[in-house]
Amino acid sequence: MPRNSPPAQPPASHAVPIRTVRFSAAATVRDASAEVAVEAPVNIVYGNMPYAVMMTTPSDLEDFVAGFSLTEGIIRGIDEIRSIVVTPQDEGIVATVELAPGRFREHLARRRNLSGRTACGLCGVETLTDLPTAQTACRADLPIAADAIARALAELDTHQQLNRLTRSVHAAAWCDRGGAILAVREDVGRHNALDKLIGARLRAGHDGSDGFMMVTSRASFEMVEKAAIFGAGTLVAISAPTSLAIERANALGLTLVCIARADSATVFAGRLADTVESAAR
């Protein structure tokens with residue numbers, strides 16, 4: 001897919017005035033400023049057909065649209081996107097996607113109505129048969145080592161530049177099999193952050209076979225499905241999983257590691273290798 005050079009996009013954060021009150025016997029008030037994450041409406045349009053308005057952080061929007069298109073089932077591969085044009089407007093941002101002709105005809109046959117979501121990944125789905133699901137089980141890759149996950153966890157905070165400023169955004173990271181973090185995307189929405197990461201890897205020509213995903217959120221059904229649709233074999237989440245996430249991970253053969261902390265993590269589906277060295281064998 002050719003890269004586009006869109007107009008300057010809005011900043012991912014901006015400063016706002018704040019007043020901090022200290023609760024103590026000698027109460028004090030201090031005026032200052034703080035960085036807050038920008039949340040903006042992005043209207044995703046396929047051809048001349050509006051599809052969804054997503055509330056997202058306006059950074060890495062081409063990555064977001066590419067990943068969203070894959071995990072929503074609009075495309076099956078990055079070669080089905082001809083171009084993505086991002087156009088800031090007064091009331092928000094329009095991302096216009098040109099699909100390959102055959103794929104656009106199939107898209108026209110689908111009926112979907114989504115509106116302004118940052119958290120719920122299933123808003124607008126009209127029937128249970130419309131749920132986006134991975135079509136095949138994950139590849140039977142060698143398991144990821146526990147110490148690779150520990151390394152990625154130790155490094156993750158240093159890659160979350162927007163969160164250091166705002167303390168209000170999620171991150172999704174792609175890590176190699178040794179635990180080195182290769183790519184990170186951030187957003188106010190956990191699904192958006194994961195779609196951005198998937199889009200970035202797709203547009204760089206990578207698939208899900210060369211490492212694992214890590215997210216700074218709970219592991220829900222949608223997060224497991226998105227990881228599996230991309231082809232990842234392991235998903236690591238900072239928070240806990242839902243019952244359906246565990247069920248789907250087991251059905252898809254995806255290793256699901258949650259409640260990941262500096263000193264421990266819990267495997268809810270699949271398995272880990274003992275060490276990086278054993279994972280390489």
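Procedures and definitions
- Residues numbered from 1 in each chain as written.
- Predicted model: local features only at pLDDT ≥ 70, side-chain atom pairs only at ≥ 80, totals over all residues.
- Heavy atoms only, no water.
- Helix = DSSP H or I, 4+ residues; strand = E, 2+ residues; numbered from the N terminus.
- Buried < 20%, exposed > 50% of the residue type's maximum accessible area, 1.4 Å probe, protein only.
- Contact = heavy atoms within 4.5 Å.
- Pairing = 2+ DSSP bridges.
- Axes fitted to C-alpha atoms, helices over the stretch in contact; angles between N-to-C directions.
- Salt bridge = Lys/Arg side-chain N within 4 Å of Asp/Glu carboxyl O.
- pLDDT = per-residue confidence, 0-100.

Looking now at the overall build of the chain. Across its full length, the chain carries eight helices and 12 strands. Counting only residues that meet the buried cut, the chain has 48% of its 281 residues in that class. Partitioning the intrachain contacts of the chain with sequence separation of at least 6 by distance along the chain shows that 55% fall at a separation of at least 24.

Read across the open sheet, the six strands follow the order β8-β7-β9-β10-β11-β12; overall the sheet is mixed. Each edge of the open sheet carries a strand with a single partner, namely β8 (181–187) and β12 (266–269). Strand-to-strand, the axes of this sheet are offset by a mean angle of 20°, without reference to chain direction. In terms of strand pairing, strand β10 (residues 234–237) meets strand β11 (residues 255–258) through three bridges, oriented parallel.

Let us look at unusual backbone geometry. Backbone geometry places D60, a non-glycine residue, at a positive phi of 55°. Note that D60 resides in the loop between β4 (49–56) and α1 (61–71). Residue D60 is classed as partly exposed on the basis of its relative accessible area of 34%. A positive phi is found at I259, a non-glycine position, where the angle reads about 50°. Along the chain, I259 falls in the loop between β11 and β12.

Counted under the stated rule, the structure contains 13 salt bridges. With a closest N to O distance of 2.6 Å, D63 and R203 form a salt bridge. Of this pair, D63 sits in helix α1 while R203 sits in helix α5 (residues 190–203); the two residues are 140 residues apart in sequence, bridging distant segments of the chain. Here D63 matches R203 in class, with each residue buried. When the shortest N-O distance is used, the salt bridge between R76 and E80 registers 3.3 Å. The exposure class assigned to E80 is buried, which follows from its relative accessible area of 13%. A single network of salt bridges, built from pairs that share partners, joins D60, E62, D63, R185 and R203.

To summarise the sheet geometry, strands pair through backbone hydrogen bonds and adopt either a parallel or an antiparallel arrangement. Across the sheet, which stays open at both edges, the four strands sit in the order β4-β3-β6-β5 with mixed pairing between neighbours. Every interior strand has two partners, whereas the edge strands, β4 and β5 (81–89), have only one. Strand after strand, the sheet turns through a mean of 20° between neighbouring axes, direction not considered. Bridge count for strand β3 (residues 40–46) against β4 is seven bridges, and the pairing is antiparallel. The residue bridging N43 from the neighbouring strand is V53, located in β4. Each of β3, β4, β5 and β6 (92–99) touches helix α2 (residues 101–108); the most contacted strand, β6, lies at about 120° to it.

In the predicted model, the chain carries a mean pLDDT of 84, and the fraction of residues at 70 or more is 80%. Across residues 118–128, where pLDDT falls below 50, the model places 27 contacts with residues more than four positions away in sequence or in other chains. Note that residues 277–281 has pLDDT below 50 and, in this model, eight contacts with residues that lie over four places away or in other chains.

Next up on the list: the environment of R76. With respect to the secondary-structure elements, R76 resides in the loop between α1 and β5. Given a relative accessible area of 60%, R76 falls into the exposed group. Separated by 27 residues in the primary sequence, R76 and R103 have C-alpha atoms spaced 9.0 Å apart. Setting aside anything within four residues of it in sequence, one finds R76 in contact with L70, R103 and E106.

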